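For reference, the chains in residue letters:
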Amino acid sequence: MEKLGFHKVSNSPTSPGHPSISHSRPNMPPQHHPHGSGGAVAPFKKLLQVDQSPNNSIVISNCVAVNPNDFANVPNRAPVVLDGEYVYAIEKHEQMAPGTVGMGANMRLWGKWSRSQTISVESYNIFDNKSQQQYLGTIELVIEFKQKSKATNITINHDDLVEVFKRTYENQILQPTQDLVVDYKGMLYSVYIDSVQVINMSNKDHLPDIKDSKDLMSKGILLRQTNVIFYTDPKSLINLAKPSSLKQKILGGGSHRPHARKQIINPDFKLEDLGIGGLDAEFQDIFRRAFNSRILPPEIAEKLDYKHCKGLLLFGPPGTGKTLIARKLSKMLNGREPKIVNGPEMLSKYVGASEENIRNLFKDAEAEYKQKGEDSDLHVIIFDELDSVFKQRGSGKSDGTGVGDNVVNQLLSKMDGVDQLNNILVIGMTNRLDLIDTALLRPGRFEIQIEISLPDEKGRKDILLIHTVKLRENNLLTGDVNFDELSALTKNFTGAELEGLCNSAKSFSISRHVKSGSIAQIDPKSIENLKITRNDFLLALGEVKPAFGTDEEDLTLAAKHGIIPFNQSIKNIFETGQSIIDLVKSSETETLRSMLLYGPSGVGKTAIASTLALNSDFPFIKMLSAESLAGMGEVQKISYIDNTFRDVYKSPLNILLIDKIETLINYVPIGPRFSNDILQLLLVYLTKTPPKGRRLLIIGTTSQYSVLKHMNLVDSFTDTIAVPPIRSIEEVGRVLDKLGFMSEGERREILQQLSGFDINIGVKRLIDLIMVSSYSKDTVDEVVLNIVEKMKLD
């Protein structure tokens, strides 16, 4: 046992070689030991009334006061057990009335006893055959001022405190949850026993059994060799100076075990209580990367050299739940109330005030960290609209006054500057990650960047269920409302848009109960039968549109007459396009593909591109066309195109349709003239690899193939496909038949008259002519004349 820190001295006669542990309890009565035959105090049990202790010295010595006549045959300081659980030593005192037991307030609070209450007082022998031979290898205690009114920012030397504690309580039996009153340098302190390491020597093979415990029923004798470790209460003003050295736990292996760190996550917290749907994977990433190191036992974190995360940045489209996540995280955390600030609130018109606002956010964390070090609470600061303040320094994106640069510098220094804080977590939210200063995004600052993207189908169903939970509880939904159907129909909806959809459906339902002839009065009789139906949700889908994703109306209008396969080339184009779509869907390496559809004006390039996109079933389809840039200057166009390319990574599978590329770059044949800045932007983005986990198919169209070839823009596309015009009478006939234009005889006559001409017309131009002729009720001759004139113009 010498290796364990105990001396080979005996407390009872033993056979040679048996290990033994020294303890010399003052006035220890002769007791029965497993290895000896010494005399023993006769067992007793008395019923006594609880009373106040006659003086503080008895309370500080952790003894209960008794009348000498009640315990005439029991030595002073003999251990007793109260109500079968709480062990104390007795102190005989003349002032105690017969039949009473005197206790301090801390003792009565521990046992939940009131004065005059009757309790049992029994003899207790920790070495009795029915008990165990138990000693304390390590004891962990939390110290606080006894009187809060006398609390001061005092520094206590840990080694001195341990010496006083051992001198006062050596050889006493102590147990977890016990509250002691300790006199240290004339000041009274409350000391709570948090946990003990009990060494049991009663095994048959005489080998020690070592067990850590916080259980009240665990008991052991405090020895001179016991490793005593003090901690301060998390909210205490006491500054406990670190010990010069601490013994290892007996057979503990490694450094001493610190006290249990305060739980960062509220113990009553459940993930389903957040009320956020579709973000399970994101929450797992947040917990793993931002909180794992803080819930680890400190000694393990130290061995791993695990640095706590100081910054968490949530980015993504508006309405996807970034601010909601931050609000819910603040409720989930157990401890200090998080500070939630909007970015623009930090700015001030007064010189230096903006920087001071940033410093004030960190003041509390700095003060507590200086006082308590690693035992400090976690301070959480939540920044909304981060990009509005912390823009790139020294660029046009900043505010031009220098204040923005100073604010960025101030935040940089507070998060990871010279005086580093390890008790902060800054959570930022932004829609524009590209605007934020890059120095804030490196490890040590906002090192964790999690994209909160558009929810998938399962996530959309979860969100819809959350926003209709009260409707279902109150039986206000009809049986035909199918959430699987709604989640499939709400492709590319954000969480905010899904909430708007539910509100819109409610408004349609309420409108059915408005009094006839009035728009502002509800029929009180019919409103009692209020129900939200499937049709209400379908009507809501007609007015609530997703800001991101597929604009099916524009794509459908581009091919409003459908695709007419007038020759084999059109079928080949669709087969080639579908194979490229399948490649992007399934290939592990081909995450970016681009195809260019080229041909004369009016041959249906946009219609083919739109149909390919719609038939792909990709969740995110975006169209970039000249119409969307109309009226913009060059700088605005560059910004719009840049934002569009950033938006096309919102889902795992994305399609970007770039229509009439030559118009995007401001090309005109006179001159010629074009925008080189827009051209260079397209050259970069057409070959830029999508982020991890994202796939992108770009479909471009142009009527100026040779021009794009000279600009090297064609080489940026992985596939180029020619779209031919109509070149034969048979192909014209297939178009007329498909549209059902005129009668069969009239169609034959049209083809007969056109047989004398060289046919060369785009299918779109031909369809437009036929539509106009059908409305103007042209004759066969007029139709033929219109077609021939159009071919001459082209």
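Rules behind the numbers
- Residues numbered from 1 in each chain as written.
- Predicted model: local features only at pLDDT ≥ 70, side-chain atom pairs only at ≥ 80, totals over all residues.
- Heavy atoms only, no water.
- Pairing = 2+ DSSP bridges.
- Helix = DSSP H or I, 4+ residues; strand = E, 2+ residues; numbered from the N terminus.
- Axes fitted to C-alpha atoms, helices over the stretch in contact; angles between N-to-C directions.
- Contact = heavy atoms within 4.5 Å.
- Buried < 20%, exposed > 50% of the residue type's maximum accessible area, 1.4 Å probe, protein only.
- pLDDT = per-residue confidence, 0-100.
- Phe/Tyr/Trp six-rings, centres within 6.5 Å; stacked < 30°, edge-to-face > 60°.
- Salt bridge = Lys/Arg side-chain N within 4 Å of Asp/Glu carboxyl O.
- Core = buried A, V, L, I, M, F, W, Y, C linked by side-chain atoms within 4.5 Å.

**Digging into the sheet that holds strand β22 (residues 620-624)**
Okay, so step 1: The strand order β22-β23-β24-β21-β25 describes an open sheet built from 5 strands, whose pairing is parallel. In this open sheet, the two strands that pair with only one neighbour each are β22 and β25 (719-722). Each strand axis lies, on average, 15° off the axis of its neighbour in the sheet, ignoring direction.
Okay, so step 2: Direction of pairing for strand β21 (residues 592-598) relative to β25: parallel, over a ladder of 4 bridges. Bridge assignment links Tyr598 to a residue of β25, and that residue is Ala722.
Okay, so step 3: The strands touched by helix α15 (residues 568-586) within the sheet are β21, β23 (653-658), β24 (695-702) and β25, with β24 carrying the most contacts at an inclination of about 155°.

**As for helix α19 (residues 676-685)**
Okay, so step 1: Turning to α19, its buried residues are Ile678, Leu679, Leu681, Leu682, Leu683 and Tyr685.
Okay, so step 2: Check the buried side of α19 and you find it contacts α17 (634-647), α18 (661-664) and β24.

**Re the sheet that holds strand β16 (residues 311-315)**
Across a sheet, paired strands are connected by hydrogen bonds in the backbone, their directions being either parallel or antiparallel.
Okay, so step 1: One open sheet accounts for 5 strands, arranged β17-β18-β19-β16-β20; its pairing is parallel. Each end of this open sheet is capped by a strand with a single partner; those strands are β17 (339-342) and β20 (448-451). On average, each strand axis in the sheet is tilted by 15° relative to the strand beside it, whichever way the strands run.
Okay, so step 2: Sheet topology note: the β16/β20 ladder contains 4 bridges and is parallel. Within the sheet, the bridge partner assigned to Phe315 lies in β20 and is Glu451.

**A few points about the confidence of the model for the protein chain**
Okay, so step 1: With 84% of its residues at a pLDDT of at least 70, the protein chain reaches an overall mean of 81.
Okay, so step 2: In the model, residues 1-39 has pLDDT below 50 throughout and makes 74 contacts with residues more than four positions away in sequence or in other chains.
Okay, so step 3: Ignoring residues within four places in sequence, the model shows residues 245-260, a span with pLDDT below 50, making 44 contacts including any to other chains.

**A word on unusual backbone geometry**
Okay, so step 1: Look at Lys112: it is not a glycine, yet its phi comes out positive at around 60°.
Okay, so step 2: Following the sequence through the fold, Lys112 ends up in the loop between α2 (105-111) and β6 (118-123).
Okay, so step 3: A relative accessible area of 72% places Lys112 in the exposed class.
Okay, so step 4: Positive phi is not limited to glycine here, since Ser116 has a value of about 75°.
Okay, so step 5: Under the relative-accessibility criterion, Ser116 is labelled exposed at 52%.

**Here we look at the packing of aromatic side chains**
Okay, so step 1: This structure, assessed with the given rule, holds 11 aromatic pairs.
Okay, so step 2: Plain terms: the ring middles of Phe44 and Phe71 are 5.7 Å apart, the flat faces sit at 80° to each other, and that makes the pair edge-to-face. Placement of Phe44 in the segment before β1 (45-52) and of Phe71 in the loop between β2 (63-66) and β3 (79-82) is noted, with a sequence separation of 27 residues between them.
Okay, so step 3: Overall, the relative accessible area of 15% leaves Phe44 in the buried class.
Okay, so step 4: Ring geometry for Phe383 versus Phe390: centroids 5.4 Å apart, planes at 85°, classification edge-to-face. For the pair Phe383 and Phe390, a shared accessibility class is recorded, and that class is buried.

**Quick look at the pairing of β16**
Okay, so step 1: Among the 5 residues of β16, 5 are classified as buried, and the element is accordingly described as predominantly covered.
Okay, so step 2: Side chains Gly311, Leu313 and Phe315 project from β16 onto one buried face, and the interleaved Leu312 and Leu314 project onto a second face that is buried too.
Okay, so step 3: With 5 bridges connecting them, β16 and strand β19 (residues 424-430) associate as parallel partners. The residue of β19 that forms the bridge with Leu312 is Ile427.

**Things to note about the pattern of salt bridges**
Okay, so step 1: One pass over the full model with this rule turns up 20 salt bridges.
Okay, so step 2: Here Arg593 makes a salt bridge to Asp719, at a shortest N to O gap of 2.8 Å. In this pair, Arg593 sits in strand β21 while Asp719 sits in strand β25, placing the two residues 126 residues apart along the sequence.
Okay, so step 3: Across the pair Asp642 and Arg646 runs a salt bridge whose closest N-O atoms are separated by 3.0 Å. A residue pair is termed a helical-turn pair when its members lie 3 or 4 positions apart in one helix, as Asp642 and Arg646 do in helix α17 at 4 residues.
Okay, so step 4: In this structure Asp642 comes out as buried when scored by relative accessible area, which is 14%.
Okay, so step 5: The network of salt bridges with shared partners includes Glu163, Arg167, Glu170 and Arg224.

**A short note on the side chain of Gln410**
Okay, so step 1: Structurally, Gln410 can be placed in helix α8 (residues 403-416).
Okay, so step 2: Residues contacting Gln410, with those up to four places away along its chain left out, are Glu355, Ile358 and Arg359.

**A few points about the nonpolar core**
Okay, so step 1: Core analysis: the largest hydrophobic core is formed by 47 residues, its most contacted members being Ile699, Ile726, Val735 and Leu754.
Okay, so step 2: Ignoring sequence-local partners within four residues, the contact set of Ile699 consists of Met595, Leu597, Ala609, Leu612, Ile655, Leu656, Leu657 and Ile658.

**Digging into the pairing of β3**
Okay, so step 1: Side-chain alternation along β3 places Pro79 and Val81 on one buried face and Val80 and Leu82 on a second face that is also buried.
Okay, so step 2: Here β3 pairs with strand β4 (residues 86-92) via 4 bridges, running antiparallel. Bridged to Val80 within β4 is Tyr88.
Okay, so step 3: The hairpin formed by β3 and β4 contains 3 residues between the paired strands, and Asp83 there has a positive phi angle of roughly 50°.

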